[in-house]
Every structure is written in C-alpha cells, then in structure tokens.
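If you want the building blocks of each chain, they are given just below.
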Amino acid sequence: FSINERLVLTGSWKFGHMNMVAVAAANVGGIYLDWDERLKTNRLRDVVSHCGGDVSTKQFHDPVKLAPGAPVGGFRLGSTVVMVFEVPKDNFKWSVNVGDKIKVGETLGLVE
C-alpha cells in the first residue's frame, strides 16, 4: 500500500472542542478503532481522493464516550497521531515539552 491515510475523529471534552487525527504513512497496514469493527482502511479496491475517489465520512449518532486514557484504536503498524484540542487558558499545565517523544498512555497535560 503506497498511499498515506488519515482518520479524523472530531468531538468535545469538558473543556471544549477536540480533534484526533491518525496519520497512517505509506506502507502502514491500516487504521482501526476499538469501537467500530466495520471501519476498513487500506483497501486496494478504493480509489483514493487525489486520484478521483471519494473521502469517506461517518457520523456516530450515539456519542462514543471514552474515559481519560481509554484506548481509541491504533495502526496495524506504527505511525503518528496529531491532537488538536481546547484547554482552559488559566490553569492548564503541559506535562510534555516541544520535541518530546510521547508514548501511548502518557499524560499530555493537567488542569490544575
């Protein structure tokens, strides 16, 4: 498989809006979600969007609620995740620094 894939999860948490983007690089075997067995990525029969195919969209009508630190999904091989989220501006303290390598389950920051 030679195409980069993206899976964008959009939602909210108690401090505002959040997005999690799973970026599966070339030759990564696919992205999966722990709560959606029907999600299929990395299929040879798909025509990718930049080659004239469509972008797939799915809305979960029943909100998926996850506890802090709960598993979301993953990659069949490794890749990267981009997190974009709102935080309280007065009392949020980052637990990581710019350039740090973050592993699954590590705390990104705390509300004090």
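Shown above is the structure to which this text applies.
Thresholds applied
- Residues numbered from 1 in each chain as written.
- Predicted model: local features only at pLDDT ≥ 70, side-chain atom pairs only at ≥ 80, totals over all residues.
- Heavy atoms only, no water.
- Core = buried A, V, L, I, M, F, W, Y, C linked by side-chain atoms within 4.5 Å.
- Buried < 20%, exposed > 50% of the residue type's maximum accessible area, 1.4 Å probe, protein only.
- Helix = DSSP H or I, 4+ residues; strand = E, 2+ residues; numbered from the N terminus.
- Contact = heavy atoms within 4.5 Å.
- Pairing = 2+ DSSP bridges.
- Axes fitted to C-alpha atoms, helices over the stretch in contact; angles between N-to-C directions.

(A) Up close: the nonpolar core. Core analysis: the largest hydrophobic core is formed by 9 residues, namely Leu7, Leu9, Met20, Ala22, Ala24, Ile31, Leu33, Val72 and Phe75. Listing elements by their share of this core, those giving two or more residues are strand S1 (5-13), strand S2 (16-24) and strand S3 (31-33). At 3 residues, S2 tops the list of elements feeding residues into this core. With residues near it in sequence (within four places) discarded, methionine 20 still touches Leu7, Val8, Leu9, Val72, Val81, Val82 and Met83.

(B) Examining the sheet that holds S1 more closely. Ordered in space as S1-S2-S5, the 3 strands form an open sheet in which the pairing is antiparallel. Two strands in the sheet have a free side with no partner beyond their single neighbour: S1 and strand S5 (80-85). Geometrically, the sheet is characterised by an average inter-axis angle of 15° between neighbouring strands, direction not taken into account. Direction of pairing for S2 relative to S5: antiparallel, over a ladder of 6 bridges. Looking at S5, one finds that methionine 18 is bridged to phenylalanine 85.

By themselves these figures say nothing about function.
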